[in-house]
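Chain by chain, the residues:
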Amino acid sequence: MQSSQSPDHARPFLTWQRITDWAHAHYRARTFNKDERIPTRSGLLYLVERGAVRLVGTAQGAVPGLVSPELDDATDEEGSTSLTLGVSEEAFLGFVGAGQPFEIVAQSPFLLQSFAHVDQTTVLWLYWSDLDNWPHFRREVLDAFRYQHQRKLLWLSTLGQRRTIDRLLGFLTLLIEEFGEPCDSGYYLPWSLTHAQIGSAIGSTRVTVTRLMGKLRQRKLIHIHKDGLIAIPSEQGMTREALG
């Protein structure tokens, strides 16, 4: 588990303070309110100084808010579904925590966007050529992107599971493993996620996520920390046997 609440604990960069000072001095920093869209351009490097960024994707030409009526209407007891999606809504693609880099790559026909997930989220931006002045920093940025790529492969593996409940638990576990904060009963995700956002990430619906979250809580595989934040037990009792 690693903290994502402050760059002092989460940053992968040894020269972080020098970079942030330079960015602020060159007007390359901006602070956003919760759910405010962060303007981005392909080819630029972005760094989260404070807060958290939410990455989302939408298929261009899709009608936001519409999901195939077949999806999850005929699931079994544990939420199995063939993931036959129709017109998709905005899909949650993950978080970028404090001290981490991200970039938005133009990938037609998909529209990728970033939003501040919490108030007072501060983002810095640089040209890749700016890193010529800090070769060690460039290597650490590339290492951070390689780590993110490895996490995405785990995410894809989780989303390949047939049962919705397996995808749900795997998704929550991966998020909390990466961004979790310790609490008395385990680790919790320090930011809220709606059931609709979770559903968009695992190819399900808000209603099904709500139902399966209830099942996971009954089996003590997850619990709710203060302010409705999702938590998992420290003993990591999340096995296929526990899921039945």
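Here's what I pulled together on the structure shown here. (Residues numbered from 1 in each chain as written. Predicted model: local features only at pLDDT ≥ 70, side-chain atom pairs only at ≥ 80, totals over all residues. Heavy atoms only, no water.)

Describing the overall build of the chain
Applicable threshold: Numbering of helices and strands starts at the N terminus; helices are DSSP runs of H or I of at least 4 residues and strands are runs of E of at least 2. The classification of residues rests on relative accessible area computed with a 1.4 Å probe and restricted to protein chains. Under 20% of the type maximum is buried, over 50% is exposed, and intermediate values are partly exposed. By the convention used here, residues are in contact when the closest approach between their heavy atoms is within 4.5 Å. We get accessible surface area from the Shrake-Rupley algorithm with a probe of 1.4 Å; when it comes to residues, only the shown protein chains can shield them.
The helix and strand tally for the chain stands at seven helices and 12 strands. Looking at the chain as a whole, 49% of its 244 residues are labelled buried. Contacts in the chain between residues at least 24 apart in sequence constitute 78% of all its contacts with a sequence separation of at least 6. Carbon together with sulfur atoms contributes 52% to the accessible area of the chain, which is approximately 12,300 Å² in total.

Overview of the packing of helix 4 (residues 164-179) against helix 5 (residues 195-202)
Note the threshold: Interaxial angle, 0 to 180 degrees, is taken between N-to-C directions of lines fitted to C-alpha atoms, where a helix line uses only the stretch in contact. Comment on the angle field: the value is read as roughly parallel under 35 degrees, roughly antiparallel over 145, roughly perpendicular from 65 to 115, and oblique elsewhere. Gly counts as polar in this scheme, as do all residues outside two lists: the nonpolar Ala, Val, Leu, Ile, Met, Phe, Trp, Tyr, Cys and Pro, and the charged Asp, Glu, Lys and Arg.
Two elements in contact, helix 4 and helix 5, have axes whose closest approach is 10 Å; the angle formed by their N-to-C orientations is 110 degrees. Of the possible angle classes, the one that applies to helix 4 and helix 5 is roughly perpendicular. Residues Thr 164, Arg 167, Leu 168, Phe 171 and Leu 172 of helix 4 form the contact with helix 5, whose participating residues are Ile 198, Ala 201 and Ile 202. Grouping the amino acids of the contact of helix 4 with helix 5 by side-chain chemistry returns six nonpolar, one polar and one charged.

Considerations on the sheet that holds strand 2 (residues 37-38)
What counts is decided by this rule: Only strands that DSSP links by at least two bridges are regarded as paired with each other.
Taken in spatial order, the four strands of this open sheet run 2-7-4-5, and their pairing is antiparallel. Looking at strand neighbours, the two that pair on one side only are strand 2 and strand 5 (91-97), the edges of this open sheet. The pairing of strand 2 with strand 7 (residues 110-116) spans two bridges and is classified as antiparallel. Bridge pairing links Ile 38 to Ser 114 in strand 7.

With respect to the pattern of salt bridges
Note the threshold: A carboxyl oxygen of Asp or Glu within 4 Å of a side-chain nitrogen of Lys or Arg is what we treat as a salt bridge.
In this structure the tally under the stated criterion is eight salt bridges. In this structure, Asp 35 engages Arg 54 in a salt bridge whose closest nitrogen and oxygen atoms are separated by 3.2 Å. Placement of the pair is Asp 35 in the loop between strand 1 (29-32) and strand 2 and Arg 54 in strand 4 (residues 52-59), with a sequence separation of 19 residues. Take Arg 54: its relative accessible area is 7%, and that puts it in the buried class. Here Arg 146 ties to Asp 143 by a salt bridge, and the two come within 2.2 Å at their closest N and O atoms. Here Arg 146 and its partner Asp 143 are both found in helix 3 (residues 135-159), three residues apart, which amounts to about one turn of the helix.

Let's talk about the layout of surface pockets
Where we set the bar: Cavity: a set of points on a 1 Å grid over the protein atoms alone where a 1.4 Å probe fits but cannot get out. Pocket: an open set with protein on both sides within 12 Å along at least five of seven lines, its lining residues, like those of a cavity, having an atom within 4 Å of a point. Grid points are joined across faces, edges and corners, and a volume is the space filled by probe spheres set on the points.
Its volume calculated, the second largest pocket comes out at about 200 Å³. Taken together, 13 residues line the second largest pocket, and the ones lying closest to its centre are Arg 30, Pro 39, Thr 40, Tyr 46 and Trp 125. Breaking the lining of the second largest pocket down by element, the ones donating at least two residues are strand 1, strand 3 (44-50) and strand 8 (121-127). In terms of residues, the lining of the second largest pocket owes the most to one element, strand 1, which gives three residues. Each residue belonging to the lining of the second largest pocket can be placed in one class, and the counts come to nine nonpolar, one polar and three charged.

Digging into the sheet that holds strand 9 (residues 181-183)
Sheet strands line up and pair through hydrogen bonds in the backbone, either parallel or antiparallel. Spatially, four strands are ordered 9-10-12-11 in an open sheet, and the strand pairing comes out antiparallel. Strand pairing shows two members of the sheet lacking a second neighbour, strand 9 and strand 11 (223-224), which therefore form its edges. Pairing analysis gives three bridges linking strand 10 (residues 186-188) to strand 12 (residues 230-233), with the strands arranged antiparallel. Across the sheet, the residue bridging to Tyr 188 is Ala 231, located in strand 12. Lying over the sheet, helix 4 contacts strand 9, strand 10 and strand 12, oriented at roughly 90 degrees with respect to strand 12.

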